[in-house]
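# Inside the fold
Letter by letter, the chains look like this.
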Amino acid sequence: MKNLKEKIIAIASDHAGFEKKQVIIKYFNEKGIPYKDLGCYTNESCDYPDFGHLIAEAIERGEYEQGITFCGSGQGISITANKHQNVRSGVCWNAEIGALAKQHNNANICAIPSRFVTDQEAVAIVEAYLNAEFEGGRHARRIAKIPLK
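Cut-offs applied
What you see as residue numbers is a count from 1 along each chain, following the sequence as written. Only residues with pLDDT of at least 70 are given local features in this predicted model, and only at 80 or more are side-chain atom pairs given and counted; all residues enter the totals for whole chains, interfaces and linings. The side-chain values count all of the structure's non-hydrogen atoms but skip hydrogen atoms and water molecules. Each helix corresponds to a stretch of at least 4 residues labelled H or I by DSSP, and each strand to a stretch of at least 2 residues labelled E; elements are numbered beginning at the N terminus. Exposure classes here rest on a 1.4 Å probe applied to the protein chains alone. A residue is buried below 20% of its type maximum, exposed above 50%, and partly exposed in between. Working rule for contacts: check all heavy atoms of both residues, and any pair within 4.5 Å makes them a contact. To define a nonpolar core, start from buried Ala, Val, Leu, Ile, Met, Phe, Trp, Tyr and Cys residues and group those joined through side-chain atoms within 4.5 Å.

### Points about the side chain of Thr80
Within the secondary structure, Thr80 is located in helix α3 (residues 75–81). For Thr80, a relative accessible area of 7% gives the class buried. For Thr80, the contacting residues outside a window of four places in its chain are Tyr48, Pro49, Gly52 and His53.

Laid out in structure tokens, this is it:
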């Protein structure tokens, strides 16, 4: 396993992703992986764009290199984050997709569809994403074409 104790991982969710985020917080605490929880902090109804923008802005500013987000389908919070230049959020529903999001797309946010994955699957996705390395090469050329000028 790659040394994940060097950099702080940003995490954020809406109410639908709150419980799954708690699973990952427990995992991070057990493994000694540093993280910053940007909210939400309860399972009371809230709006995913508030937290999608918050984590994306923090990544844009360079406060964090990567993040994990959680909402019901993973889609809403990912769509929101992807409105920000140089943020690449991918919805990851299994470990293989989690790894590929980093390897091929250099995703700096892994969005977990909380209502559609088990706790064990969420941990496996996060592990695969965080341990993957961007492959560069042809993928770097493609990523360079993503930002709007």
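### Some words on the nonpolar core
Membership of the largest hydrophobic core comes to 21 residues, with the highest contact counts inside it found for Phe28, Ile68 and Ile112. Counting only elements with at least two residues in this core, the list comes to β1 (9–13), α1 (18–31), β3 (67–71), β5 (109–113) and α5 (119–131). It is α5 that provides the largest number of residues to this core, a total of six residues. Residues contacting Ile68, with those up to four places away along its chain left out, are Ile9, Ala10, Ile11, Ala12, Ile55, Cys110, Ile112, Val126, Tyr129 and Leu130. Counting residues in hydrophobic clusters, the runner-up holds 19 residues, among them Ala12, Phe18, Tyr64 and Ile109.

### What to know about the environment of Ile24
Structurally, Ile24 is set in helix α1. For Ile24, a relative accessible area of 0% gives the class buried. Once the C-alpha coordinates of Ile24 and Ile68 are considered, the two residues, 44 residues apart in sequence, prove to be 9.2 Å apart. Filtering out sequence-adjacent residues up to four positions away, Ile24 remains in contact with Phe70, Ala122, Val123 and Val126.

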